[in-house]
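Here are the chains, one letter per residue:
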Amino acid sequence: MDYQTRYAAYHAAIEAYLAGLFTQDKPYGKLFESMRYSILAGGKRIRPVLTLEFARLGGIDWHLALPYACALELVHNYSLIHDDLPCMDDDDLRRGKPTNHKVFGETMAVLAGDALQPEAFRLIAQAPELSAQSRIEAVEVLAKAAGADGMVGGQVLDTVCNVQDEENLTLLHRLKTGAMIAGAVELGCVAAEMDAQKRAQAVEYAAQLGLAFQIRDDMLDVVGDEEVFGKPIGSDREEGKVTFVDLRGLDGCARLVDECTARAKAAIADWPEHEFLFELADQMVGRTV
């Protein structure tokens, strides 16, 4: 199966799974509406696609890993809702659409994000046909990726700590962005009960890919097209944030992206059927959105 066909199959399955969530008729239905507004707002679904691909490479039917993949996507979307709030980045657009708080108000946006996080762990706990040990391990992986030593720690560095140097900027990106990409990959490994050596190689692929992805994001904040990018261009500079573009310049960033991508590929180069992961890496770092 070629790259586009496989990606489309993963994407369709993820969209269908997410579309089936939070559809009940409840007195607090506005909460579900707000949650669904964000989780169904589109996007490439890179993180859950990675979960499904690593589950497949681990030798299981990748459909079994859909609860893990979509659990991470719920956490990712909760983080985006909160990231866009006036107390954080104060963004009006996300994926070319008004941000959650612009549509539903700040209170509901906060609550929608609050609800998406525990619902993610419910998806894992109730995942059918995966072992209890796998589900326990998946909870630990997602909690670490999203928590104080992962995404939230990175968010603190981004919003509170006024990071100015490359060492701490790299740490910021490894936590804020890279931890969730690594978590997505590791969830696929956990679903397939992959051995420790291959799991370590998978995480190295994800760590390098996550850094390349974020550096490319910094570049797009300077040279991107807002209509294509789906969110304001130049927001980092307006907020006084130091990015890799400030430290390395656009040409230096492009070289660094290439280096990280090469290291990502090297980590899994010996795996059979690594072609999809190579193409995905190239697509991520060459993106315009």
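In every chain, residue numbers begin from 1 and rise along the written sequence. The model is predicted, so local features are restricted to residues of pLDDT at least 70 and side-chain atom pairs to those at 80 or more, both for listing and for counting; the totals for chains, interfaces and linings are taken over all residues. Excluding hydrogens and water, the side-chain figures rest on all heavy atoms present in the structure.

**Student:** Whenever I open this one, helix 2 (residues 29-39) confuses me. Can you help?
**Tutor:** Each turn of an α-helix holds 3.6 residues, which means side chains three or four residues apart point in the same direction. Within the span of helix 2, buried status applies to L31, F32, S34, M35, S38 and I39. In a view along the axis of helix 2, the buried residues occupy a sector of 160 degrees, so they form one face of it. Contact criterion: two residues are considered in contact whenever any of their non-hydrogen atoms come within 4.5 Å of each other. Counting from the N terminus, the helices are DSSP H or I runs at least four residues long and the strands are E runs at least two residues long. As for helix 2, its buried residues are in contact with helix 1 (3-19), helix 4 (66-83), helix 5 (100-104) and helix 6 (106-125). Buried residues are those whose accessible area, probed at 1.4 Å on protein chains only, stays under 20% of the maximum for their type, while exposed residues exceed 50% and partly exposed ones sit between those limits. The directions from the helix axis to the C-beta atoms form the arc being described.

**Student:** Before we go on, may I ask you to explain empty space enclosed by the protein in this structure?
**Tutor:** Sizing a probe to match a water molecule and rolling it over the atoms shows the empty space that remains. The pocket and cavity definitions rest on a 1 Å grid over protein atoms only: a 1.4 Å probe that fits but cannot leave marks a cavity, an open set with protein on both sides within 12 Å along at least five of seven lines marks a pocket, and residues lining either have an atom within 4 Å of a point. Grid points are joined across faces, edges and corners, and a volume is the space filled by probe spheres set on the points. Applying the stated criterion across every chain, the model contains one cavity of 30 Å³ or more. A volume near 110 Å³ is recorded for the largest cavity. Mapped onto the lining of the largest cavity, the elements with two or more residues apiece are helix 2, helix 4 and strand 2 (97-98). Broken down by element, the lining of the largest cavity gets its largest block of residues, three residues, from helix 4. Gly is put with the polar residues, along with every residue not named as nonpolar or charged; the nonpolar set is Ala, Val, Leu, Ile, Met, Phe, Trp, Tyr, Cys and Pro, and the charged set is Asp, Glu, Lys and Arg. Here the residues of the lining of the largest cavity sort into five nonpolar, four polar and four charged.

**Student:** What exactly am I supposed to notice about the nonpolar core here?
**Tutor:** A general feature of soluble globular proteins is that nonpolar side chains tend to end up buried together. By nonpolar core we mean a set of buried residues, namely Ala, Val, Leu, Ile, Met, Phe, Trp, Tyr and Cys, connected to one another through side-chain atoms within 4.5 Å. Of all hydrophobic cores here, the largest spans 71 residues; its most connected members are L50, F54, Y68, L74 and Y205. Those residues in contact with L74 that sit more than four places away from it in its chain are L18, L21, F22, I39, L116, E119, A120 and L123. L175, I215, L256 and V257 belong to the second-largest nonpolar core, a separate cluster that totals 16 residues.

**Student:** Before we go on, may I ask you to explain the packing of aromatic side chains in this structure?
**Tutor:** Remark: the centre distance and the inter-plane angle together describe each pair of aromatic rings, the angle taken between the planes. Two rings from Phe, Tyr or Trp (for Trp, the six-membered ring) form a pair when their centres sit within 6.5 Å of each other. Planes less than 30 degrees apart are called stacked, planes more than 60 degrees apart edge-to-face, and all others tilted. Overall, the coordinates contain ten aromatic pairs when judged by the stated rule. Seen from their ring centres, Y28 and F32 are 5.8 Å apart, and the 85 degrees between their planes marks the pair as edge-to-face. Y28 gets classed as partly exposed once you look at its relative accessible area, which sits at 43%. Joined through ring pairs, the aromatic side chains of Y3, Y7, Y10, W62 and F276 make up one cluster. Two conditions define a charge located above a ring, namely a distance within 6 Å from the ring centre to NZ of Lys or CZ of Arg, and an angle within 35 degrees of the ring normal. Between K198 and the ring centre of W271, over which it is positioned, the NZ or CZ distance is 4.2 Å.

**Student:** Just to check I follow, could you spell out helix 6 for this structure?
**Tutor:** One less than the residue count of a helix, multiplied by 1.5 Å, gives the span that helix is expected to have. Under the 1.5 Å per step criterion, the end-to-end length of helix 6 is 30 Å for 20 residues, consistent within 8% with the ideal 28 Å. In the core, the buried residues of helix 6 are packed alongside helix 1, helix 2, helix 4, helix 5 and helix 7 (132-146).

**Student:** How should the pattern of salt bridges be read in this particular structure?
**Tutor:** Note that side chains of opposite charge can pair when their charged atoms are close. Whenever a carboxyl oxygen of Asp or Glu lies within 4 Å of a side-chain nitrogen of Lys or Arg, that contact is scored as a salt bridge. Under the defined criterion, the tally for this structure stands at 16 salt bridges. Residues E15 and R45 are paired through a salt bridge, measuring 2.7 Å at the closest nitrogen-oxygen approach. With a gap of 30 residues between them, E15 in helix 1 and R45 in the loop between helix 2 and helix 3 (46-57) connect regions that are remote in the sequence. Judged by its relative accessible area of 2%, R45 is buried. Ionic pairing is found between D158 and K241, a salt bridge with its closest N-O pair at 3.1 Å. With D158 in helix 8 (residues 151-159) and K241 in the loop between helix 12 (235-238) and helix 13 (244-267), this residue pair connects regions lying 83 residues apart in the sequence. Salt bridges sharing partners connect three or more residues here, namely D89, D158, K176 and K241.

**Student:** Any chance you could explain the state of the cysteines here in plain terms?
**Tutor:** Covalently bonding the sulfur atom of one cysteine to the sulfur atom of another cysteine gives a disulfide. Count a disulfide wherever a pair of cysteine sulfur atoms falls within 2.5 Å. Taken as a whole, this structure holds zero disulfides when the rule is applied. In this structure C161 is not part of a disulfide, and its nearest cysteine sulfur, from C87, lies 16 Å away. You can see C260 has no disulfide; the closest cysteine sulfur is in C253, sitting 10 Å from it.

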